[in-house]
Amino acid sequence: MTRFVKPRKLSEWKQQQVLEERFEQKVDRLPEDGLTEDLDLNLKTLHEMLGYSNDLIIRDFICETPRHMRASLIFVDGLVSTEIIDDQIMRPLMITPVAEYKEHLLPPTEAVLHIKRSVLPIGEAKESAAFKDVVKSVLSGDTALLLEGCRQALLLNTKGWEKRSVSEPTAESIVRGPREGFSETLRVNTALIRRRVKDPDLRVKNFSVGTRSNTDVAVLYIEGVADHNIVEEVQRRIQDIEIDGVLESGYIEQFIEDNHWSPFPIIQNTERPDKAAANLLEGKVIIVIDGTPFVLIAPAVLSQFYHSPEDYYERFLISTLLRFIRALSMTIALLLPSLYIAFSSFHPEMIPSKLVIAMAAGRATVPFPSVVEALAMEISIEILREASVRLPGPIGPTIGIVGALIVGEAAVSAGIVSPIMVIVVALTTIGSFAAPSYNAAIALRMLRFPVMLLAAAFGLYGIMLFMILIVVHLCSLKSFGVPYLSPFTPRNLLAMGDSVIRIPLYWMKKRPNVFAESTDNVRLKPSSAEDIKPDDKWKTEPQTEEEQDQ
Amino acid sequence: MTSGKQNPKRKKNKTNSSPYKMTVQQAMSLNASTIIGVGVLTLPRSVTDAGHQFGWYSVLLGLLYGVLGIFVVVKLGARFPGKTFVEFSSEILGSQKVKWLGPVIRFPLILIYSLYWALVCSLVARIFGEVVVTAVLTNTPLEVIVGTMLLLCLYLAWHDVEVVTRVNEVLLIIIVIPVLFISLSAYQNAQMEFIMPLVPYDGYWFQLLQGSLPVMTSFLGFECMLMFNKHLQEDRKMMRYQIYGILVPGVLYLLIVIAGIMAFGYEELSRQAWPTLELIKSVNVPGLILERLEAVFLGVWVAAVFTTAGTWFYCANWTLSELIGRPHKRRWITVAYVLLIYLLAMRLGGNVQELFRTTDYAGYGGIVLAFVIPGLLLLIAMARKLDHRGEKEEESREAS
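Residues numbered from 1 in each chain as written. Chains lettered and ligands numbered in written order. Predicted model: local features only at pLDDT ≥ 70, side-chain atom pairs only at ≥ 80, totals over all residues. Heavy atoms only, no water.

Enquirer: When you look at the overall build of chain B in this model, what are you seeing that I'm missing?
Expert: Scanning chain B from terminus to terminus reveals 17 helices and zero strands. Rg of the C-alpha trace for chain B: 23 Å, near the compact-globule value of 21 Å for 400 residues, within the 12% margin. Seen through its C-alpha atoms, chain B measures out along the principal axes to roughly 75 × 60 × 40 Å. Counting all 400 residues of chain B, 57% fall into the buried class. Of the side-chain charges in chain B, 34 are positive and 27 negative, and the distance between the mean point of each set is 14 Å. (Helix = DSSP H or I, 4+ residues; strand = E, 2+ residues; numbered from the N terminus. Rg over C-alpha atoms; globule rule 2.2 N^0.38 Å. Buried < 20%, exposed > 50% of the residue type's maximum accessible area, 1.4 Å probe, protein only. Lys, Arg positive; Asp, Glu negative; His and termini not counted. Charge placed at Lys NZ, Arg CZ, Asp CG, Glu CD.)

Enquirer: Explanation requested: the overall build of chain A in the structure shown.
Expert: On a plain count of helices and strands, chain A comes out with 20 helices and twelve strands. Going through the 550 residues of chain A one by one, you find that 46% of them count as buried. If you sum the accessible surface of chain A, you get close to 27500 Å²; carbon and sulfur atoms cover 60% of it. (Areas by Shrake-Rupley, 256 points an atom, 1.4 Å probe, with all protein chains shown as cover.)

Enquirer: Explain the interface of chain A and chain B here, please?
Expert: Interface size is commonly expressed as the accessible surface area that is lost when the partners come together. Opposite the 43 residues of chain A that make contact, chain B presents 45 residues. For the pair chain A and chain B, the summed buried area comes to about 4100 Å², and 64% of that belongs to carbon and sulfur atoms. A per-residue breakdown of the area chain A buries against chain B is headed by M350(A), Y461(A) and R491(A), which together make up 16% of the total. When the shortest N-O distance is used, the salt bridge between E169(B) and R491(A) registers 3.7 Å. (Contact = heavy atoms within 4.5 Å. Buried area = accessible area lost by both parts, 1.4 Å probe. Salt bridge = Lys/Arg side-chain N within 4 Å of Asp/Glu carboxyl O.)

Enquirer: Which parts of the structure should I look at to understand the sheet that holds strand β4 (residues 142–147) of chain A?
Expert: The strands making up a sheet are joined through hydrogen bonds of the backbone, oriented either antiparallel or parallel. All names here are of chain A. The sheet built from five strands is open, its strands ordered β1-β2-β4-β5-β3 with antiparallel pairing. Among the strands making up the open sheet, the edge pair consists of β1 (56–63) and β3 (125–128). Strand-to-strand twist in this sheet, taken as the mean axis angle between neighbours without regard to direction, amounts to 25°. Pairing analysis gives four bridges linking β3 to strand β5 (residues 153–157), with the strands arranged antiparallel. Counterpart to A125 in the pairing with β5 is L156. Lying on the sheet, helix α2 (residues 39–49) is in contact with β1, β2 (69–76) and β4; it crosses β2 at an angle near 10°. Where helix α3 (residues 82–94) meets the sheet, it contacts β1, β2, β4 and β5, and its direction lies at approximately 30° from that of β1. (Pairing = 2+ DSSP bridges. Axes fitted to C-alpha atoms, helices over the stretch in contact; angles between N-to-C directions.)

Enquirer: Teacher, can you tell me more about a nonpolar patch on the surface here?
Expert: Judged by side-chain polarity, F316(A), L317(A), I318(A), L321(A), L322(A), I325(A), Y506(A) and W507(A) come together as a nonpolar surface patch covering roughly 810 Å² of accessible area. As for its position among the elements, I318(A) is in helix α11 (residues 316–345). (Patch = residues over 30% accessible without salt bridge, like charges linked within 9 Å, V, L, I, M, F, W, Y side chains within 5 Å.)

Enquirer: What am I meant to see in the packing of aromatic side chains here?
Expert: Each aromatic ring pair is characterised by the separation of its centres together with the angle its planes make. Throughout the structure, instances matching the rule amount to 18 aromatic pairs over all chains. When the centroid spacing of 5.9 Å and the interplanar angle of 70° are considered together, the rings of Y314(B) and W318(B) count as edge-to-face. Here Y314(B) pairs with W318(B), and both are found in helix α14 (residues 294–323), just four residues apart, close to one helical turn. The two residues Y314(B) and W318(B) agree in class, both being buried. Members of the aromatic cluster, joined through ring pairs, are F80(B), F85(B), F88(B), Y113(B) and W117(B). Above the ring of F515(A), the side-chain terminus of K284(A) is found at 4.5 Å from the ring centroid. Here R45(B) stacks its cationic end above the ring of F356(B), 4.5 Å away from the centre of that ring. (Phe/Tyr/Trp six-rings, centres within 6.5 Å; stacked < 30°, edge-to-face > 60°. Lys NZ or Arg CZ within 6 Å of the ring centre and 35° of its normal.)

Enquirer: For this particular structure, what's the right way to read the domain arrangement of chain A?
Expert: Looking at the assigned domains, one finds that chain A contains domain 1 (17–157), domain 2 (186–300) and domain 3 (313–483). Distance between the C-alpha centres of domain 1 of chain A and domain 3 of chain A: 62 Å. (Domains from an automatic or database assignment.)

Enquirer: Can you walk me through the pattern of salt bridges in this structure?
Expert: Opposite charge on two side chains permits pairing when their charged atoms draw close. All told, the structure shown has 37 salt bridges over all chains when counted by the stated rule. Two residues, K116(A) and E127(A), come together in a salt bridge whose shortest N-O distance is 3.0 Å. Note that K116(A) is positioned in helix α4 (residues 108–119) and E127(A) in strand β3, a separation of eleven residues in sequence. Assessed through its relative accessible area of 33%, K116(A) is described here as partly exposed. Close ionic contact of K281(B) with E278(B) constitutes a salt bridge, the shortest N to O distance being 4.0 Å. In this pair, K281(B) and E278(B) are both assigned in helix α13 (residues 275–281), three residues apart and thus about one turn of the helix distant. Here K281(B) falls in the partly exposed class, since its relative accessible area comes to 35%. For E278(B), a relative accessible area of 29% translates into the label partly exposed.

Enquirer: I keep staring at the sheet that holds strand β6 (residues 202–209) of chain A and nothing clicks. Help me out?
Expert: Residue and element names in this part refer to chain A. Strand order in this open sheet of five strands is β6-β7-β9-β10-β8, and the pairing throughout is antiparallel. The open sheet is flanked by β6 and β8 (268–270), the only strands paired with a single partner. Geometrically, the sheet is characterised by an average inter-axis angle of 25° between neighbouring strands, direction not taken into account. For strand β7 (residues 215–222) and strand β9 (residues 285–289), the ladder comprises four bridges, and the chain directions are antiparallel. Considered in β9, the bridge of L220 is made with I286.

Enquirer: Even after reading the chapter, I still don't get the packing of helix α4 (residues 55–78) of chain B against helix α11 (residues 237–264) of chain B, so can you show me in this structure?
Expert: The description of two helices packed together rests on the angle between their axes and the distance between the axes. Residues and elements named next belong to chain B. Packing of α4 against α11 leaves a shortest axis separation of 9 Å and a crossing angle of 165°. What the angle tells us is that α4 and α11 run roughly antiparallel. Like other packed secondary-structure pairs, α4 and α11 cross with a definite hand, here right-handed. For the pair formed by α4 and α11, the contact residues are G55, W56, V59, L60, L63, G66, V67, I70, F71, V74 and K75 on the first element and M239, Q242, I243, I246, L247, G250, Y253, L254, V257, I258 and I261 on the second. For the contact of α4 with α11, the class distribution of residues is 17 nonpolar, four polar and one charged. (Parallel < 35°, antiparallel > 145°, perpendicular 65-115°, else oblique. Left-handed = near helix turned anticlockwise from the far one by under 90°. Nonpolar A, V, L, I, M, F, W, Y, C, P; charged D, E, K, R; others polar.)

Enquirer: How should the pairing of β9(A) be read in this particular structure?
Expert: Side-chain direction in a regular strand flips from residue to residue, so the side chains alternate between the two faces of the sheet. Residues and elements named next belong to chain A. The buried fraction of β9 is high, at five of five residues. When β9 meets strand β10 (residues 295–298), the two strands line up antiparallel, connected through three bridges. Directly across from I286, in β10, lies its bridge partner I297.

Enquirer: In this structure, what is going on with the nonpolar core? I would like to understand it.
Expert: Side chains of a nonpolar character, in soluble globular proteins, are inclined to be buried together. W117(B), F228(B), F297(B) and W301(B) are the most contacted members of the largest nonpolar core, which totals 186 residues. Counting contributing residues per domain, this core is built from domain 2 (186–300) and domain 3 (313–483) of chain A, each supplying no fewer than three. In contact with F228(B), other than residues within four places in its own chain, are M22(B), L30(B), V161(B), V164(B), T311(B), Y314(B), C315(B) and W318(B). Core analysis: the next-biggest nonpolar cluster, separate from the first, contains 26 residues, V209(A), I238(A), I267(A) and I287(A) among them. (Core = buried A, V, L, I, M, F, W, Y, C linked by side-chain atoms within 4.5 Å.)

Enquirer: Just checking my understanding: could you explain the UniProt feature "transmembrane region" (unreviewed entry) in chain A for this structure?
Expert: Per the UniProt entry, the sites bearing "transmembrane region" (unreviewed entry) are residues 324–343, 389–408, 414–435 and 447–474 of chain A in this numbering. Between the end C-alpha atoms of residues 414–435 of chain A there is a gap of 33 Å, over a span that is 73% helix and 0% strand. (UniProt positions renumbered as here; feature names shortened; annotations may be inferred.)

Enquirer: Got a minute to help me understand the side chain of S58(B) in this structure?
Expert: With respect to the helices and strands, the residue S58(B) is situated in helix α4. Those residues in contact with S58(B), other than ones at most four positions away along the chain, are V47(B), L208(B), G211(B), S212(B) and V215(B).

Quick look at the structure:
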């Protein structure tokens, strides 16, 4: 069963109810056709609704086109581009029309339409009669044009706040691939995706989430490729969120995920547009949230978390090898310290005799059992890692070196930890960094500690107990109806080609129906792989060269 | 303002409309990993006890019985698609006129099945505990090992059937590949003279038949398909894959038994308590990464035991709760049942010898429940011409 609306306490619910009512009252205090013909009254109402905030700017002026009348522009300072307002709104409105204009006597009600149709050279404009809409669009960066004697306001898109330009993604860096990353603006992000998938079937659906923050959320999918059940489910869950504010994609993620208690991430996030586009083509749904460069990818399965977009850009043998290495390093990150504990304290007979002598010599001066030693080292490395994230840029690496090398070296020579333990901890830490996605690596870092305790209690048997527990848990997870362990179980041979291994792109002729609709599953036209035969090229190309020479 | 208010009260949970159906590969894995369990450790002893160096013929014979058994079970289940054993047994045994007859007759039968599954689950947990305590964790109390294993079973029993099948599918790979590797590398000590002559002569035929009886007990586990029948697809490939599910443990058993006979000779082999474990101790790992393998084998074997005990407990719990008409995820009933199994496991048999004897008796009971009763039920169903194959398709066709 899926639960995505967090259960709330009755008191909280009531409180929220009161808040919502107050907000609704504020907004709904006026009748639906709220705007009156009296401009001053309209302005006063708007002022009151926004509580005389200082960043709200009301510019009164005399409009000359299409007729002489009073008008007002309302916008929020900082959210709009003043150039657009100056050049494209004020200028055409204030210039006295040339003699050809015959419509001086247009009634004010039709003036709005006329202005929209033939005066303002601005891309997006719509008229509205409700205060609610006016306030909402002004707050999201539009400019409202109010005219004397007119019951309608014109809402003009003048969004132009300071924004970060498209830059290289910092959290997911790769060697080969595009350097563009998402930025904080929703439209920029959807455009980045559109530029990669110029498919008329690409759908962008907007939602507004957050009763107070009114954050824009866009759901992107390719019609006919994405499973429509999943698309509907994603939209339904997003619409069911009733929270006051959404500040990052993590808010949405935590409300729409299937299992709140799992350590494993059930929804993937990325700041790479190429990754998002590739996932769209696989039939997944992308959720873009305004104000964050991290977009969500749903549904997600476990094997995705050790995939990197680079795998598809490099040749298949290399990417397969890299995936093996990543899977191995994630296993090391999870299990190496506990294996060390299990072997050294329960099954020393399994270690080759020469090694066991070396290990015993290293441990001879260590006063603690291996589990205490391992826990202490692992915890201190976690502290180091957390500290180096917070430290200001230039100091970070220095502290890393100080912590890892000097403290480790000193601890060994002081006889507190054994040298092998230092190797184990170093490998574990590096292994967890090899995982391409941060949230999956965190899950492994977290699970490492209970395994260590179980290994200390039951040796290899404890590790196996924990692994079985994790397997059962993973098998029970589902992401939007897709089993988390697919394609391994239920087995899907078509999708297995792109799991631990990565088969050549020209073998991926069909789209596996794990996430996608099975109706149109052709990825590669059957002819295109056979067209390119190296033999033919060898035969034809030299001939043409010879012809050219002649 | 809130979008939820614009779209009030939508239907929740549109998904999950059709009942879960497992794939044929999942059915195979479920079968195979349920069968591979504690039998693997003692099998070489029990077959060479009776059949001497020809013991591996008994494994072949047992495999034949196993295939026959799964054939009967699948044929029986296929007549009642989408129904569990509890549901269709009352239909076979009861009458359509007297409604109460079926449930009343099936009650003791199902109860016996449930208790049998509980018993074998407890025996598996106990034997597992004994092996772990003697071989690797010598200082850990038996109670803790048995208890933790049963806790894992309990955790599995709280989930749906689809989770059980997926767990089996994943763990089968984790079990089969290392066991295959280890049993193949056990051939490094093989000596041909131990297994010669290859063809049994006069007096041995009867002994081989005798030896095939314990082999039959180590193929038990496929009878769980009686319950999982509810989630089986109506697929022509189903029978083939179910038989593969018997063949996987069959081939593993055969490899291990032959390796055991060739490494130790039957006389030595038939006197060991855990012959497979001794076999693995004799294996050398190339490259000297690990000095000895038995801890690794036991680690893998935890998974094998878990898939056996877990599935059996799942079936025991499922039958019981279906019998008393409660949903099988009722947590407190499950907890109580686990406690019962724990007590059974700790009470049965004082020492290992007595435990082996109890296991033998339980195995013979299992043969009756897994081979004889499904066969009888199939005969009755055939005689009464009870067959629901293809009914749903017809219904849906009529509806459309």
